[in-house]
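Spelled out from the first residue to the last, the chains are:
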Amino acid sequence: ALGIIFSSVAQTAQTPINASVIYEVNVRQFSKEGTFAEVQKALPRLKEMGVDVLWLMPINPIGVKNRKGSLGSYYAVRDYKGINPEFGTLSDFKSLVKEAHNQGMRLIIDWVANHSSPDNVWLDQGHKDWYTLDSTGNVQPTIGTDWWDVADLNYDNQEMRKEMISSMKYWVKECDIDGFRCDVAGWVPMDFWIQARKDIETVKPLFMLAESEGADQHQAFDMTYGWEFHHIMNKIAQGKAEPSEIQTYLAKDKEYPKNAIRMYFTSNHDENSWNGTEMERMGDARFVMAVLSYAMNGMPLIYNGQETSLDRRLLFFEKDQINWDKMDMV
């Protein structure tokens with residue numbers, strides 16, 4: 001049923017960014033093969049559905065040390081300039097980007113700048129000082145998290161900053177991607193993001209999405225998450241809040257810069273895997289909430305599988321492909 005809603009808002013090619021629809025791709029779970037090639041095959045359908053921006057969850061190799069589950073977290077990056085071999089080759093990725101552009105879409109990749117895997121190639125190269133160390137001189141996870149499969153990066157180290165920017169620029173120059181969705185962006189110093197954007201945009205203009213909320217994030221980012229609005233929608237659907245909270249939110253949202261884009265959603269990879277499907281959180285209200293996310297002054301997000309009424313939580317550290325059979329019923 002959500003597929004009908006999403007399919008009815010098809011956009012024209014080269015849609016202005018502030019009038020676009022963004023689609024999050026979990027490459028591992030997108031198909032049985034879990035490859036870039038299979039995502040590429042779906043591009044005509046996604047374009048017809050109204051998608052203008054493709055956001056791919058991290059495409060880099062995943063660390064082995066302290067790995068969670070059998071396949072690990074996409075957000076435990078082993079090599080910032082490498083391709084996860086599960087997904088295909090660099091050539092396959094370039095082909096996907098090129099075809100996305102042919103379809104009039106932008107393509108951005110998920111970037112994890114706050115931490116890497118604890119066996120990242122930077123450590124192999126002897127750059128231990130690029131990391132936050134504990135009292136015994138060992139790398140440690142980000143404080144206050146249970147992310148024991150990652151190592152926290154040290155932004156006091158200027159050489160690490162330079163290499164991080166170089167790695168980001170690599171994907172723009174080598175593969176012609178259009179920007180980045182930046183993981184836990186608010187945990188990384190703002191001056192880094194400002195410098196990174198300035199340096200990388202010597203290659204081409206970028207579209208930058210912060211996994212963060214707050215007007216200050218728009219010093220470097222085009223779009224931020226509408227987390228607060230998402231929680232309001234959940235509460236209204238559950239009878240824990242009145243619709244009038246939307247008016248309160250809209251008044252507060254005026255604090256953002258006029259050109260700031262907010263991202264609105266009923267699901268994403270975190271919500272689906274950890275907090276539940278929109279069926280669990282919103283019940284039948286998910287339909288009107290999906291429409292509301294489109295009506296807001298911002299960019300609506302579709303998480304892959306929503307168009308086929310994905311009604312289960314996808315496993316995060318294992319293979320757990322989306323079942324597309326219901327698409328044939330729409």
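Residues numbered from 1 in each chain as written. Predicted model: local features only at pLDDT ≥ 70, side-chain atom pairs only at ≥ 80, totals over all residues. Heavy atoms only, no water.

### Points about helix 13 (residues 286-295)
Point 1. Within the span of helix 13, buried status applies to R286, M289, A290 and S293. Down the axis of helix 13, the buried side of the element spans an arc of 105 degrees, and every buried residue falls inside it. Exposed residues pointing more than 90 degrees away from the buried face of helix 13 are listed as V288 and A295. (Buried < 20%, exposed > 50% of the residue type's maximum accessible area, 1.4 Å probe, protein only. Helix = DSSP H or I, 4+ residues; strand = E, 2+ residues; numbered from the N terminus. Arc of directions from axis to C-beta.)

### A closer look at the sheet that holds strand 8 (residues 223-225)
Point 1. Strand order in the closed barrel formed by eight strands is 1-2-3-6-7-8-9-10, with parallel pairing between adjacent strands. Pairs of neighbouring strands in the sheet enclose a mean axial angle of 25 degrees, with direction left out of account.
Point 2. Of the strand pairs in this sheet, strand 7 (residues 207-210) and strand 8 are connected by two bridges, and their pairing is parallel. Paired with A210 across the bridge in strand 8 is T224. (Pairing = 2+ DSSP bridges. Axes fitted to C-alpha atoms, helices over the stretch in contact; angles between N-to-C directions.)

### Let's talk about the packing of helix 9 (residues 227-237) against helix 10 (residues 244-253)
For any two helices packed against each other, one specifies the inter-axial angle together with the distance between the axes.
Point 1. Close contact between helix 9 and helix 10 brings their axes to 10 Å; oriented N to C, the two are set at 175 degrees. With respect to helix 10, the element helix 9 is oriented roughly antiparallel. Each of E228, F229, I232, K235 and I236 in helix 9 lies in contact with helix 10, whose residues at this interface are E245, I246, Y249 and K252.
Point 2. By residue class, the composition of the contact of helix 9 with helix 10 is five nonpolar, no polar and four charged. (Parallel < 35°, antiparallel > 145°, perpendicular 65-115°, else oblique. Contact = heavy atoms within 4.5 Å. Nonpolar A, V, L, I, M, F, W, Y, C, P; charged D, E, K, R; others polar.)

### Quick word on the side chain of R197
Point 1. With respect to the helices, strands and loops of the structure, R197 is situated in helix 8 (residues 190-200).
Point 2. We classify R197 as buried; its relative accessible area is 14%.
Point 3. The residues contacting R197, other than those within four sequence positions of it, are L206, M208, A220, F221 and D222.

### A short note on the pattern of salt bridges
Point 1. Taken as a whole and judged by the stated rule, the model has 25 salt bridges.
Point 2. Salt-bridge contacts for E211 lead to R181; the nearest nitrogen and oxygen are separated by 3.4 Å. Of this pair, E211 sits in the loop between strand 7 and strand 8 while R181 sits in strand 6 (residues 179-182), placing them 30 residues apart in sequence. Note on accessibility: E211 and R181 belong to one class, buried.
Point 3. Where E280 meets R313, a salt bridge forms, and the shortest distance between an N and an O atom there is 3.0 Å. With E280 in helix 12 (residues 278-282) and R313 in the segment after strand 10 (299-303), this pair connects stretches of sequence that are 33 residues apart. (Salt bridge = Lys/Arg side-chain N within 4 Å of Asp/Glu carboxyl O.)

### Describing unusual backbone geometry
Point 1. Backbone geometry at N66 places phi at a positive 60 degrees, although glycine is not the residue there.
Point 2. Within the secondary structure, N66 sits in the loop between strand 2 (53-56) and helix 5 (90-102).
Point 3. Although it is not a glycine, D176 adopts a positive phi angle of roughly 65 degrees.
Point 4. For D176, the location among the structural elements is in the loop between helix 7 (158-175) and strand 6.

### Comments concerning the nonpolar core
Point 1. Judged by nonpolar contacts, the single largest core of 83 residues is most densely connected at L54, F93 and W193.
Point 2. No other element matches helix 7, which puts seven residues into this core.
Point 3. In this view, W193 contacts A113, M168, C182, A185, V188, A220 and F221; residues no more than four positions away in its chain are not counted.
Point 4. Grouped together as the second largest cluster of nonpolar side chains are 11 residues, I236, A241, Y249 and M282 included. (Core = buried A, V, L, I, M, F, W, Y, C linked by side-chain atoms within 4.5 Å.)

### Some points on the pairing of strand 9 (residues 261-264)
Every other side chain in a regular strand lies on the same face of the sheet, so the side chains alternate between the two faces.
Point 1. The side-chain alternation of strand 9 yields two buried faces, one formed by I261 and M263 and the other by R262 and Y264.
Point 2. One ladder, built from three bridges, connects strand 8 with strand 9; its direction is parallel. In the strand pairing of strand 9, T224 is matched with R262.
Point 3. In this sheet, strand 10 lies alongside strand 9 in parallel orientation, the contact comprising two bridges.

### Things to note about the pairing of strand 1 (residues 22-25)
Point 1. Side-chain alternation along strand 1 places I22 and E24 on one buried face and Y23 and V25 on a second face that is also buried.
Point 2. As judged from the four bridges shared by strand 1 and strand 2, these two strands associate in the parallel manner. Bridging across to strand 2, I22 finds its partner in V53.
Point 3. Direction of pairing for strand 1 relative to strand 10: parallel, over a ladder of three bridges. Within strand 10, the position partnered with E24 by the bridge is Y303.

### A closer look at the packing of helix 5 against helix 7
Point 1. Two elements in contact, helix 5 and helix 7, have axes separated by 10 Å at closest approach and are oriented at 70 degrees. The pairing of helix 5 with helix 7 is recorded here as roughly perpendicular in orientation. Residue-level inspection shows L90, F93, K94 and V97 of helix 5 in contact with helix 7, the latter providing Y170, W171, E174 and C175.
Point 2. When its residues are assigned to classes, the contact of helix 5 with helix 7 shows six nonpolar, no polar and two charged.

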